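Here is how the chains run, residue by residue.
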Amino acid sequence: MSDVTTRALRLLALLQSRTVWTGPELGAELGVTVRTVRRDIDRLRAMGYPVLTSAGHGGGYQLGAGRELPPLLLGAREAVAVAVGLRLTATSGLEGLDADALRALAALDRILPPEVRSEVSAVAEAMGVVARPLPAARSEVLLALATAVRDGLRVRVDYERGDGQRFDRRLEPRRVLSIDGHWYLFAWDLEREDWRTFRLDRMHAVHASTFRITPRPTPDIEAAVRASITHGAYAQNVTVRLLAPYEEIADQVPPRTATVTPDGDGACILRAGAEADDLHWIALHLCRLGAPIAVIEPPELVTVLQEISARAATAHLAPDAP
């Protein structure tokens, strides 16, 4: 790196460190003349940095806000603060911010020196976000997957199934999604030769390879993930037609509970998953929605709903009720 480039970077760091610098102050810090400072300021402006000049008492040079975000220089302590903040945001479940924070963290992590990266990990492990009690995805897993998606690389994942068994999965990651505060990976499973959805809280480690992912037709990722987590992984599928507008029902159904699609004529289709002995739980939720129900599958759900209705019909006010 040339002396001119080194000095320009040093000048940029100084301008970021405080609001206003005079020409003589900058010259003293850099060991150059005020004329050289002016030339270096012009170089920064040519690179897109909006360096403003103000005259009079208290005036000088200051770094302003431009139309675009130019490259930012961070010291070691500043980089740690930014990276830790991004990690906490990425795992906090803050709607609309978690995915953006993860992408920013992936970009920052790529250029962090090893010693700074170690300090970031140490500080992040000593902190936490008090939020809803959700399964925790490791920040290093989030970061590794986001980077692999960005770079289009295959990964090997140490994955734990619901029964506790762990094994390696070779995947081509397409997208990392946060749904209702939970993190998922949508990827092509190389062993099963099919699209799969994986929970990040069940991943113990992610190892990126140097092999590029294979271009192939990709379905609607968000719809595929929602379908997978709401009914695709269950032993029994529940499908009903609700005689109520889609907008009215969709607002009452959490994204991880079921999928709701319009069906015309003021109706909608709800699909959910259930274990073989869990139809009563699904039936209670359907009753809560307050809409007439036409069962498509399974037929046993009709019996369960009728049993609930019969029991509810026997309810009465206790004689000693106030």
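Scroll up for the structure.
*Asks:* Just to check I follow, could you spell out the sheet that holds strand S4 (residues 166–179) for this structure?
*Replies:* Adjacent strands of a sheet pair through backbone hydrogen bonds, lying either parallel or antiparallel. Strands sit in the order S6-S5-S4-S3-S7 across an open sheet of 5 strands; the sheet is antiparallel. The open sheet is flanked by strand S6 (194–199) and strand S7 (203–212), the only strands paired with a single partner. Sheet twist, expressed as the average angle between the axes of neighbouring strands with direction ignored, equals 45°. Where helix H8 (residues 221–232) meets the sheet, it contacts S4, strand S5 (182–189) and S6, and its direction lies at approximately 120° from that of S4.

*Asks:* Which parts of the structure should I look at to understand the packing of aromatic side chains?
*Replies:* Each aromatic ring pair is specified by the distance between its two centres and by the angle formed by the two planes. Throughout the structure, instances matching the rule amount to 3 aromatic pairs. Geometrically, the ring pair formed by Phe186 and Trp195 is stacked, given 5.1 Å between the ring centres and 10° between the ring planes. Comparing Phe186 with Trp195, the two get one shared label, buried. Ring centres of Trp188 and Trp195 lie 5.2 Å apart, and the angle between their planes is 80°; this geometry places the pair in the edge-to-face category. Among the aromatic residues, ring-to-ring pairing joins Phe186, Trp188 and Trp195 into one connected group. Arg216 extends its terminal NZ or CZ atom over the ring of Trp188, reaching a point 4.1 Å from the ring centre.

*Asks:* Would you explain the environment of Leu190 in this entry?
*Replies:* Note that Leu190 resides in the loop between S5 and S6. The spacing of Leu190 and Arg154 is 36 residues in sequence and 9.5 Å in space, taken between C-alpha atoms. Dropping the residues within four chain positions of it, Leu190 is found in contact with Arg154, Arg170, Leu171 and Glu172.

*Asks:* Sorry if this is basic, but what is going on with the pairing of strand S8 (residues 236–242) here?
*Replies:* Here is the key point about a regular strand: its side chains alternate between the two faces of the sheet. Of all 7 residues making up S8, 5 are buried, and the element is well covered by its neighbours. Relative to strand S10 (residues 268–274), S8 runs antiparallel, the two sharing 7 bridges. When the bridges of S10 are listed, Arg241 appears paired with Ile269. Judged from the 4 bridges that link them, S8 and strand S11 (residues 293–297) form a sheet pairing that is antiparallel. Counted as the bridge partner of Arg241 is Ala294 from S11.

Scoring rules and cut-offs
- Residues numbered from 1 in each chain as written.
- Predicted model: local features only at pLDDT ≥ 70, side-chain atom pairs only at ≥ 80, totals over all residues.
- Heavy atoms only, no water.
- Pairing = 2+ DSSP bridges.
- Helix = DSSP H or I, 4+ residues; strand = E, 2+ residues; numbered from the N terminus.
- Axes fitted to C-alpha atoms, helices over the stretch in contact; angles between N-to-C directions.
- Contact = heavy atoms within 4.5 Å.
- Phe/Tyr/Trp six-rings, centres within 6.5 Å; stacked < 30°, edge-to-face > 60°.
- Buried < 20%, exposed > 50% of the residue type's maximum accessible area, 1.4 Å probe, protein only.
- Lys NZ or Arg CZ within 6 Å of the ring centre and 35° of its normal.

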